[in-house]
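What follows is the residue order along each chain.
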Amino acid sequence: MATQNNDDVNFTGSLARIGVAIFLVVLLALFLLWRIDNPRAERIRMALIDRVVPNMEWAMVPVSKASQMVKDFQSYDRIYSQNQELRRELQRMKAWREAALQLEQENARLLDLNKVKLNAKLSFISGKVLTDSGSHFRQSAIINLGRLDGVIEGWAAMDGLGLVGRIAGVGDGSSRVLFVTDTTSNIPVLIKPSNQRAILAGDNSAAPTLLFIESFQQIKPGDRIVTSGDGGVFPADLLVGQVTLGTDSQFRAQLAADFRRLEFLRVIRYSPNAPINQPERLIGPVLPDTFASEVGE
Amino acid sequence: MNGDTPLRIAGNRLLYFALGVFGIFVLLVPISMVPNGMIWPQVMLMVSMALVIRNPVYVPFWLIGFLFLISDILLAHPMGLGAFIALLACEFLRRNRPAFVEMLFFGEWFSIGLILLAAGLLSRFLLVVTFAETTPWWAFMVQLSLSILVYPLVVGAISVMFKVSKVQETISHPVRRPT
């Protein structure tokens, strides 16, 4: 019986050995596919995430709600001081609101005088954050908007105020937002009063670095940073944050978006150069049929 | 292997899988999006290694491969690489299992540390060779040492959860199963 047992073990053992070898080869092939044809591999990944993650939401909600409650409870601690602070801030904001209204009116008058054509207002879709990336080395999140909601890769994602990241990977019902804090995120920005161009490059810290600044003398901490729209990926003039000087004496961006409370994201609809398919229909009234066919030839 | 009913084997495989899925789930919960520099040890890899030494029936190769492949995909890691490394390390342990069963715990701990280092270096090597992005060295070292430090805790936890130990295996006469 012992020998029989041994044979049995050997037989299944060699079977398992072949299985392991095949599995290892498949995994290595998958890794190579990921390196060689990255977009396709990421599409496969996104399709799988699309299947799995929205179904996990019911389990996620209690946990994230509980953690929020803990945070809220901590903030009850300093509720009085916060209240005072908010009142002061509100007072200041009222003054700013007045100034903004006056400026807006003045701006409208000047634009009217100049007959300036402005870009169409950007519209957006709001989505809910489902999961974060789950890794220290990747700064991203999955949101519950996907191809079915018309989301296109490359669109900008913002919270109420500032830029958060861009869409990188779209599934049917979910998509991945790559945060500006990720190391692979590089975004062309404009530093505002001096109109200096720079690249906002994430480095896994809360404040991304500003690279390729032309003249450091013209920049000082506190300057506003907005997207420049260079490269045609992002619309221009989305607020990013403020310039700060890091302890390593490097200019960094203090982000306007509040990454601590990122529950909902706005995805900005933007198509940089709308394709012109039918040039004859671009200008002027619709032509009568006979005339149009002549023009067509 | 002694006194493992098919039901118990299936139950423990399920427990192993559930543990892995729970781990992925915990990592994915969106609590804070601020980059906080928190580095987690590779707990699931340590669980798999400890189980392979203690009772390899509970962690068949396909289960390990499948679980780590899922985690690669969901956690946005290089696709397939983590599963490849984990499967390679676990199967190496399985081939050399008798040696590890005989070892005292400190010897086992040390060897596991060496295997983990080798596995991590191989993974980095593959990433560098294919010109992929690698994590910084300091983060790699921190994660490695955290994983090694957490190993005794993992062994303690799984010996309670899966009711496995190395001693049972070495005794030649059949041991009565705890009821």
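Residues numbered from 1 in each chain as written. Chains lettered and ligands numbered in written order. Predicted model: local features only at pLDDT ≥ 70, side-chain atom pairs only at ≥ 80, totals over all residues. Heavy atoms only, no water.

### Let's talk about a nonpolar patch on the surface
Residues and elements named next belong to chain A. Our working rule: Patches in this entry comprise residues that are over 30% relatively accessible and not in a salt bridge; like charges within 9 Å are linked, as are nonpolar side chains (Val, Leu, Ile, Met, Phe, Trp, Tyr) within 5 Å. Residue burial considers only the protein chains on display, and all accessible areas are found by Shrake-Rupley using a 1.4 Å probe. What counts as a salt bridge is simple: a side-chain nitrogen of Lys or Arg found within 4 Å of a carboxyl oxygen of Asp or Glu. Segments assigned H or I by DSSP are reported as helices when at least four residues long, segments assigned E as strands when at least two residues long, and all are numbered from the N terminus. For each residue, the accessible area found with a 1.4 Å probe, counting protein chains only, is set against the maximum for its type, and the residue is called buried under 20%, exposed over 50%, and partly exposed in between.
Taken together, the side chains of Phe73, Tyr76, Ile79 and Tyr80 present a nonpolar region at the surface, about 540 Å² in accessible area. Secondary-structure elements contributing two or more residues to the nonpolar patch are helix 2 (38-77) and helix 3 (79-114). Tracing the backbone through its elements, the reader meets tyrosine 80 in helix 3. According to the relative accessible area criterion, tyrosine 80 is exposed, its value standing at 61%.

### Considering the confidence of the model for chain A
To keep it simple, the criterion reads: pLDDT is defined as a per-residue confidence score from the predictor, taking values between 0 and 100. Note on definitions: a residue-residue contact is assigned when non-hydrogen atoms from the two residues lie within 4.5 Å.
Here chain A shows a mean pLDDT of 82. Residues at 70 or above account for 85%. Here residues 1-7 of chain A is modelled with pLDDT under 50, and outside its nearest four sequence neighbours on either side it reaches zero contacts, counting other chains as well.

### Considerations on the interface of chain B and chain A
Quick note on the threshold: The buried area of a pairing is the accessible area, by a 1.4 Å probe, that goes missing from both parts when the two are put together, added over both. Counting of polar contacts relies on pairs of N or O atoms within 3.5 Å, with two restrictions inside protein: one atom must be capable of donating a hydrogen and the other of accepting it, and residues adjacent in sequence are counted only when both atoms are side-chain atoms. Polar here means any residue outside two lists: the nonpolar Ala, Val, Leu, Ile, Met, Phe, Trp, Tyr, Cys and Pro, and the charged Asp, Glu, Lys and Arg; Gly therefore counts as polar.
With 43 residues of chain B at the interface, the matching set in chain A holds 49 residues. Interface area for chain B against chain A, summed over the two sides, is near 4,000 Å², with a carbon-plus-sulfur share of 74%. Taken as a group, B:Met33, B:Pro35 and B:Met79 account for 20% of the area that chain B buries against chain A, more than any other trio of residues on that side. Run the count over chain B and chain A and you get one salt bridge. Here A:Arg138 and B:Glu133 are joined by a salt bridge, their closest N and O atoms 2.6 Å apart. At the junction of chain B and chain A, the tally comes to nine residue pairs in polar contact (both at pLDDT 80 or more). Listing elements by their share of the side of chain B that touches chain A, those giving two or more residues are helix 1 (6-28), helix 3 (61-74), helix 4 (81-95), helix 6 (105-129) and helix 7 (137-161) of chain B. By residue number, the principal contributor to the side of chain B that touches chain A is helix 3 of chain B, which donates eight residues. Each residue belonging to the side of chain B that touches chain A can be placed in one class, and the counts come to 32 nonpolar, seven polar and four charged.

### A look at helix 7 of chain B
All names here are of chain B. Rules: Expected helix span is computed as 1.5 Å times (number of residues minus one). Think of it this way: the bend at a residue is just the angle between two axes, each fitted to seven residues, one set ending at that residue and the other starting at it.
Over its 25 residues, helix 7 extends 34 Å from the first C-alpha to the last, a length consistent with the 36 Å expected when each residue adds 1.5 Å. The largest bend along helix 7 reaches roughly 40 degrees and is located at tyrosine 151, with the proline proline 152 sitting one to four residues downstream. Residues of helix 7 that are buried include every one of Ala139, Phe140, Gln143, Leu144, Ser147, Val150, Tyr151, Val154, Val155 and Ile158, and no others. Residues of helix 7 that are buried make contact with helix 2 (43-54) and helix 6. Of the residues one or two after helix 7, lysine 163 is the one with positive phi, at around 50 degrees.

### Here's the deal with the sheet that holds strand 12 (residues 264-268) of chain A
All names here are of chain A. Let me state the cut-off plainly: At least two bridges found by DSSP between two strands is the condition for calling them paired. Axis definition: a line fitted to C-alpha atoms, over the contacting stretch in the case of helices. Angles run 0 to 180 degrees between N-to-C directions.
Around the barrel, which closes on itself, the six strands sit in the order 1-2-5-4-3-12 with antiparallel pairing between neighbours. Adjacent strand axes in the sheet meet at a mean angle of 45 degrees when their direction is disregarded. Bridge count between strand 1 (residues 124-132) and strand 12: five bridges; the pairing is antiparallel. Counterpart to glycine 127 in the pairing with strand 12 is leucine 265. Across the sheet, helix 2 is in contact with strand 1, strand 2 (140-143), strand 4 (163-170) and strand 5 (175-179); its angle to strand 1 comes to roughly 80 degrees.

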